[in-house]
Amino acid sequence: PAVSGAHNTIVCARAGKDLVSSLVSGLLTIGDRFGGALDGAAAMFTEAFDSGLIPMEFVNKTRKEGKLIMGIGHRVKSINNPDKRVLLIKEFVKENFPKTTLLDYALEVEKITTSKKPNLILNVDGCIAVSFVDLLRNSGCFTKDEAETYIQTGSLNGMFVLGRSIGFIGHFLDQKRLKQGLYRHPWDDISYVLPEINN
């Protein structure tokens, strides 16, 4: 419940709002900073790989442009504290996908970024994104154009929204089941910056 979407859903549920309103309030927090990195990561890694940039050129180019690499970095997880979800996804993809070209590329990028800072790992959004591109491109079920269309139309973020919706609904139902009252934010987390008054 620490992420913005779950928090908003819980606050709305506790304010007496209905399921759909509470769910939507949580979903509206999804964007580049929370959950919206899947499409962005797929697009960035695909574009870099397809244009022939080696991983170091990709990292240097994005840094020079002042951009973050979508799908790289985590607030808590690092090479010293790996995200178990990423480990499981990588293992599954390596064992079951016909090719892992973009995942391998992203892992080379991760080697470069983690040499600069240990938390600049390939995060779960980035890992899912590049793996999904590998599956679309190499499963034999889609043409290259069809694969690109799925990547460009938001299907990855759609999968994130679908999964998170289930979780948000769970938070809503928990609040109702537990008969939680109106949410009040803790006072110690609220601060006001007031101008100084000179006498």
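Residues numbered from 1 in each chain as written. Predicted model: local features only at pLDDT ≥ 70, side-chain atom pairs only at ≥ 80, totals over all residues. Heavy atoms only, no water.

1. A look at unusual backbone geometry
Phase 1: Residues other than glycine seldom take positive phi values, yet Lys179 does so here, at roughly 50 degrees.
Phase 2: One can find Lys179 in the segment after α9 (155–177). (Helix = DSSP H or I, 4+ residues; strand = E, 2+ residues; numbered from the N terminus.)

2. Topic: the packing of helix α3 (residues 37–50) against helix α7 (residues 124–138)
Phase 1: Closest axis-to-axis distance for the α3/α7 pair is 8 Å, and the angle between their directions is 60 degrees. Overall, the two elements α3 and α7 adopt an arrangement that is oblique. Every pair of crossing elements has a handedness; the one defined by α3 and α7 is right-handed. Counted together, Ala37, Leu38, Ala41, Ala42, Phe45, Thr46, Phe49 and Asp50 of α3 and Asp125, Gly126, Ile128, Ala129, Val130, Val133 and Arg137 of α7 form the full contact between these two elements. (Axes fitted to C-alpha atoms, helices over the stretch in contact; angles between N-to-C directions. Parallel < 35°, antiparallel > 145°, perpendicular 65-115°, else oblique. Left-handed = near helix turned anticlockwise from the far one by under 90°. Contact = heavy atoms within 4.5 Å.)

3. A short note on the environment of Leu28
Phase 1: Among the structural elements, Leu28 can be located in the loop between α2 (19–27) and α3.
Phase 2: A relative accessible area of 69% places Leu28 in the exposed class.
Phase 3: Residues Leu28 and Gly5, 23 residues apart in the sequence, show an inter-C-alpha distance of 7.4 Å. (Buried < 20%, exposed > 50% of the residue type's maximum accessible area, 1.4 Å probe, protein only.)

4. Topic: the pattern of salt bridges
Phase 1: Under the counting rule described, the total for this entry stands at nine salt bridges.
Phase 2: Across the salt bridge formed by Glu65 and Lys67, the nearest N and O atoms sit 3.5 Å from each other.
Phase 3: Of the residues examined, Glu65 reaches a relative accessible area of 38% and is grouped as partly exposed. (Salt bridge = Lys/Arg side-chain N within 4 Å of Asp/Glu carboxyl O.)

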